[in-house]
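# Overview (structure and organization)
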Amino acid sequence: MDSNQESKDGSDRSELVSEDGKNTKSVLCQRCGCKVLCPGMAVFAEKELFLPAMQKKRSLNSTGDSVDGDTLTSHWLVDDMYTFENVGFTKDVGRIKYLICADCEIGPIGWHCLDDKKCFYVALERVNHA
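Bear in mind the structure is a predicted one, so any value in this text is a computation, not a measurement. (Residues numbered from 1 in each chain as written. Predicted model: local features only at pLDDT ≥ 70, side-chain atom pairs only at ≥ 80, totals over all residues. Heavy atoms only, no water.)

### Details of the environment of Ala45
Within the fold, Ala45 resides in strand E3 (residues 43-52). Residue Ala45 is classed as buried on the basis of its relative accessible area of 12%. For the pair Ala45 and Val78, spaced 33 residues apart in sequence, the C-alpha to C-alpha distance is 9.7 Å. Discounting chain neighbours no more than four positions away, the residues touching Ala45 are Thr73, Ser74, His75, Leu77 and Tyr121. (Helix = DSSP H or I, 4+ residues; strand = E, 2+ residues; numbered from the N terminus. Buried < 20%, exposed > 50% of the residue type's maximum accessible area, 1.4 Å probe, protein only. Contact = heavy atoms within 4.5 Å.)

### Details of the side chain of Asn23
Here Asn23 lies in the segment before strand E1 (27-29). From its side chain, Asn23 meets the backbone nitrogen of Ala42 in a polar contact 2.9 Å long. If we ignore the near neighbours within four places in the chain, the residues touching Asn23 are Leu16, Cys38, Pro39, Gly40, Met41, Ala42 and Trp76. (Polar contact = N/O pair within 3.5 Å; in protein donor to acceptor, adjacent residues only side chain to side chain.)

### Details of the packing of aromatic side chains
This model, assessed by the stated rule, comprises four aromatic pairs. Between the aromatic rings of Phe44 and Trp76, the centroid separation amounts to 6.1 Å while the plane-to-plane angle is 80°, which identifies the pairing as edge-to-face. Taken together, the residues span a long stretch of sequence, with Phe44 in strand E3 and Trp76 in strand E5 (residues 69-78) at a distance of 32 residues. We note that Phe44, like Trp76, is buried. Their ring planes at 85° and their centres at 6.2 Å tell us that Phe84 and Phe120 sit as a pair that is edge-to-face. In this pair, Phe84 is assigned in the loop between E5 and strand E6 (88-89) and Phe120 in strand E10 (residues 120-123), connecting sequence segments 36 residues apart. Ring pairs connect the aromatic residues Phe84, Phe89 and Phe120, which therefore count as one cluster. (Phe/Tyr/Trp six-rings, centres within 6.5 Å; stacked < 30°, edge-to-face > 60°.)

So this is what it looks like as structure tokens:
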């Protein structure tokens, strides 16, 4: 990323991303405000991932052919599940577990592939920052 922290979609991330690429603010659930990550605990990463539309946990495990959702590219990357302050996981959906808020169970806010034990992605568009 260049020095002014502008992403491919043109949005300015300088308030959220430090010079070393880490989150400068706490990452919070959009629905209940629960803290998901403390400042400095995740690295900004651009990776194209599909996340189903936000909903309660019990609705996320459906394996229907057509799933409403978004392809998102801006994420916080965490390399250890114990780094999170408060996060839950859905049951396996293929080789993926979706990340949800552990308090209100809204999600998915992120994505984890079971093939890669060190990559947990939290979508910037699915969380708040404070």
